[in-house]
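Observations on the three-dimensional arrangement
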Amino acid sequence: MNAIFLALFALSAGLLLVRDPAAFLPALLEGAGKAVSLGLTLAAVYVVWLGFLRVAEDAGLVRGLARGVRPLTSRLFATRNAAALDAAAVNLTANFLGMGSAATPAGLSAMKLLGSTERPDYARAMLFAVNCAGVQLLPTTALAVRMEAGSAQPYDIVLPALLASLSALLMGACLTLLLYRVHAPRTARGRKRTDKADRA
Amino acid sequence: MKWAAMLVPLLFLGVFLFAALRRVKVYDSFAEGAAGALPLLKNLFPYIAAVLVLAELFEASGLSACLQTALSPAFAAVGIPPEIAPLVLIKPFSGSGSTALLADLCARYGADSTIARCACVVYATGDTVFYLSAVWYAGAPKRPALPVVIALVSNLFAFCVGCLLCRIL
């Protein structure tokens, strides 16, 4: 990100120096001004959703949901290691509910625990793929930004966004399954596991 | 899309009542969660500001227009509006940067335009792949390239799907 920032900044500034040097500082201030008003919007979004999510967490909803997805994760990560599966389930559930702050620690410990399962590389890659799909029940930040910009129907992006991220999930999981089957050593256990995943 | 608008109040009502049944002090709990908002913003704001300053400069210098012209055939071929090219490009690197660009696109083209809707869907789909790989594989001796490639490919595929859905839904 540092390299990109510097390169784009230098390139833009250089170009502007030739074209219209007087527009340089106004452009920077304009950008900063937009950042301030966006910051206010985001502060409001975070207050509402972080408050809500804490209530959901205290009510045990996250743990409950995580328990519910246990059979699914067991197949997905090709292991029966309970500690690893629990961490992965909490990570996935927290992500689905939009709790990034709760998802990351759980994800990191799941990464570590999955490392000691039957197929560590595959299980880690799968967890990574699922996380990168970013499936979220309600895209709260996008909704808030859209409302702030005066949308008449802010919610009409919820369904396309959910479907699109599910397609990312499907694509990522299939590719991981496919590519890591080729890489994995052809042990009897490995074959049995992938057959099972195929059926799922 | 009536159902989606009803989803939010129902969600709040359901969760709060359920929490009350489980003897959670809803008021205290909500306040505890809300307390995290300002520290979170404090962490994110400098990056959002840096990207928005850069975005404005990028726009003013005319580079943004050049990039759009250069990339528009490729983006048009897969059905993504070329105006959201910067968002698609920055997304794998920076979450706060994408938020900044999303707000900019919504303000510039109108929140209900196809461009803004596609931008919202692209924003809400997928995650910051490079950032995640740095954090998640931090403990590993060598960062494997394959998962990153898989994630980038499937996210790009999902952007195309999302923009297509925006046009038909």
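Owing to the predicted nature of the structure, the values given are computational and were not obtained by experimental measurement. (Residues numbered from 1 in each chain as written. Chains lettered and ligands numbered in written order. Predicted model: local features only at pLDDT ≥ 70, side-chain atom pairs only at ≥ 80, totals over all residues.)

**A closer look at the overall build of chain A**
The condition is simple: Helix and strand assignments follow DSSP, with helices taken as H or I runs no shorter than four residues and strands as E runs no shorter than two, numbered in order from the N terminus. Values of the radius of gyration come from C-alpha atoms, whereas the globule rule sets the reference at 2.2 Å times the count of residues to the power 0.38. Buried residues are those with 20 or more other C-beta atoms within 10 Å of their own C-beta, exposed residues have 12 or fewer, and partly exposed residues lie in between; C-beta atoms are placed from the backbone. Placing C-beta atoms from the backbone, we regard two residues as in contact once those atoms come within 7 Å.
Per the secondary structure count, chain A includes ten helices and zero strands. Ordered by position from the N terminus, the helices and strands of chain A form the series α-α-α-α-α-α-α-α-α-α. The C-alpha atoms of chain A give 22 Å as radius of gyration, which overshoots the globular expectation for 200 residues (16 Å, by more than 25%). Taking the principal axes of its C-alpha atoms as reference, chain A extends roughly 70 × 40 × 30 Å. Here chain A, with 200 residues, has 46% of them falling under the buried criterion. Residue pairs at least 24 apart in sequence account for 62% of intrachain contacts in chain A once pairs closer than 6 positions are excluded.

**Concerning the overall build of chain B**
Looking only at helices and strands, chain B has nine helices and zero strands in total. Taken from the N to the C terminus, the helices and strands of chain B come in the order α-α-α-α-α-α-α-α-α. In terms of C-alpha radius of gyration, chain B reaches 19 Å, well past the compact-globule figure of 15 Å for 169 residues. With the C-alpha coordinates of chain B rotated into their principal frame, the extents come out at 60 × 50 × 30 Å. Burial statistics for chain B: of 169 residues in total, 43% are counted as buried. Taking the contacts inside chain B whose residues are at least 6 apart along the sequence as the reference set, 60% of them involve residues at least 24 apart.

**Things to note about the interface of chain A and chain B**
Many analyses report the size of an interface as the accessible area lost when the parts associate. For clarity, the threshold we go by: For this classification, the nonpolar set comprises Ala, Val, Leu, Ile, Met, Phe, Trp, Tyr, Cys and Pro, the charged set comprises Asp, Glu, Lys and Arg, and every other residue, Gly included, is treated as polar.
Listed as interface residues are 75 residues of chain A and, on the opposing side, 74 residues of chain B. Looking at the side of chain A that touches chain B, the elements that each hand over two or more residues are α1 (2–19), α2 (24–58), α6 (100–114), α7 (120–133), α8 (140–148) and α9 (158–183) of chain A. A total of 21 residues in the side of chain A that touches chain B trace back to one element, the largest contributor, which is α2 of chain A. Here the side of chain A that touches chain B is built from residues that sort into 50 nonpolar, 17 polar and eight charged.

**As for the nonpolar core**
What counts here: Note on terminology: a nonpolar core is a set of buried residues of type Ala, Val, Leu, Ile, Met, Phe, Trp, Tyr or Cys, with members joined through C-beta atoms within 7 Å. The domain limits used here are those given by an automatic or database domain assignment.
Ranked by size, the top nonpolar core spans 109 residues in total, and within it Ala88 and Leu127 of chain A together with Leu87, Leu102, Ala119, Cys120 and Val121 of chain B carry the most contacts. The leading source of residues in this core is α2 of chain A, at twelve residues. When we break this core down by domain, the ones giving at least three residues each are domain 1 (1–35) and domain 2 (46–168) of chain B. If we ignore the near neighbours within four places in the chain, the residues touching Leu87 of chain B are Ser98, Leu101, Leu102, Leu105, Ala119, Val122 and Tyr123 of chain B.

**Things to note about the environment of Asp127 of chain B**
Secondary-structure assignment places Asp127 of chain B in the loop between α7 (114–124) and α8 (129–136). Overall, the presence of 22 C-beta atoms within 10 Å leaves Asp127 of chain B in the buried class. When near neighbours in sequence (up to four residues on either side) are disregarded, Asp127 of chain B contacts Asn131, Cys132 and Gly134 of chain A together with Leu132 of chain B.

**As for the environment of Leu52 of chain B**
The residue Leu52 of chain B is located in helix α3 (residues 37–60) in this model. Separated by 35 residues in the primary sequence, Leu52 of chain B and Leu17 of chain B have C-alpha atoms spaced 40 Å apart. Ignoring any residue separated from it by four or fewer positions in sequence, one finds Leu52 of chain B in contact with Gly31, Ala32, Lys34 and Ala35 of chain A together with Ala100 and Asp104 of chain B.

**Focus on the packing of α8 of chain A against helix α6 (residues 95–109) of chain B**
Relative orientation and spacing of two packed helices are given, respectively, by the angle between their axes and the distance between those axes. Note the threshold: Convention adopted: a line fitted to C-alpha atoms gives each axis, helices being fitted over their contacting stretch, and angles between N-to-C directions are expressed from 0 to 180 degrees. Here the word oblique covers every angle except those under 35 degrees (roughly parallel), over 145 (roughly antiparallel) and from 65 to 115 (roughly perpendicular). Should the near helix be turned counterclockwise from the far one by less than a right angle, the crossing is left-handed, whereas a clockwise turn marks it as right-handed.
Closest axis-to-axis distance for the α8 of chain A/α6 of chain B pair is 9 Å, and the angle between their directions is 30 degrees. Regarding the angle of α8 of chain A to α6 of chain B, the classification is roughly parallel. Crossing handedness for the pair α8 of chain A and α6 of chain B: right-handed. Every residue of α6 of chain B that contacts α8 of chain A at Thr141, Ala142, Val145 and Arg146 of chain A is listed here: Thr99, Leu102, Ala103 and Cys106 of chain B. Across the contact of α8 of chain A with α6 of chain B, the residue classes break down as five nonpolar, two polar and one charged.

**What to know about the confidence of the model for chain A**
Residues and elements named next belong to chain A. The cut-off we apply is this: A score between 0 and 100, pLDDT records how confident the predictor is in each residue.
Per-residue pLDDT for chain A has a mean of 83; in total, 90% of the residues score no lower than 70. Within chain A, the lowest mean pLDDT, 43, falls on helix α10 (residues 188–199), and the highest, 90, falls on α7. Segment residues 186–200 is flagged for pLDDT under 50; beyond a separation of four residues in sequence, or across chains, it makes 13 contacts in the model.

**Looking at unusual backbone geometry**
With the exception of glycine, the majority of residues adopt a negative phi angle, and the majority of peptide bonds are in the trans configuration. At Ala78 of chain A, a position not held by glycine, the phi torsion is positive, near 50 degrees. One can find Ala78 of chain A in the loop between α4 (70–76) and α5 (82–96).

**Some thoughts on the confidence of the model for chain B**
Residues and elements named next belong to chain B. Scored by pLDDT, chain B has a mean of 87; 95% of the residues are at 70 or more. The spread of mean pLDDT over the elements of chain B runs between α8, the lowest at 82, and α7, the highest at 93. Across the predicted assembly, pTM comes out at 0.80 and ipTM at 0.81.

**Considering the packing of α6 of chain B against α7 of chain B**
Residues and elements named next belong to chain B. At a minimum axis separation of 9 Å, α6 and α7 run at an interaxial angle of 165 degrees. The orientation of α6 relative to α7 falls into the category roughly antiparallel. Relative to α7, α6 is oriented so that their crossing is left-handed. Residues Ser98, Leu102, Leu105, Cys106 and Tyr109 of α6 form the contact with α7, whose participating residues are Ile115, Ala116, Ala119, Cys120 and Tyr123. Of the residues that constitute the contact of α6 with α7, the class distribution is nine nonpolar, one polar and no charged.

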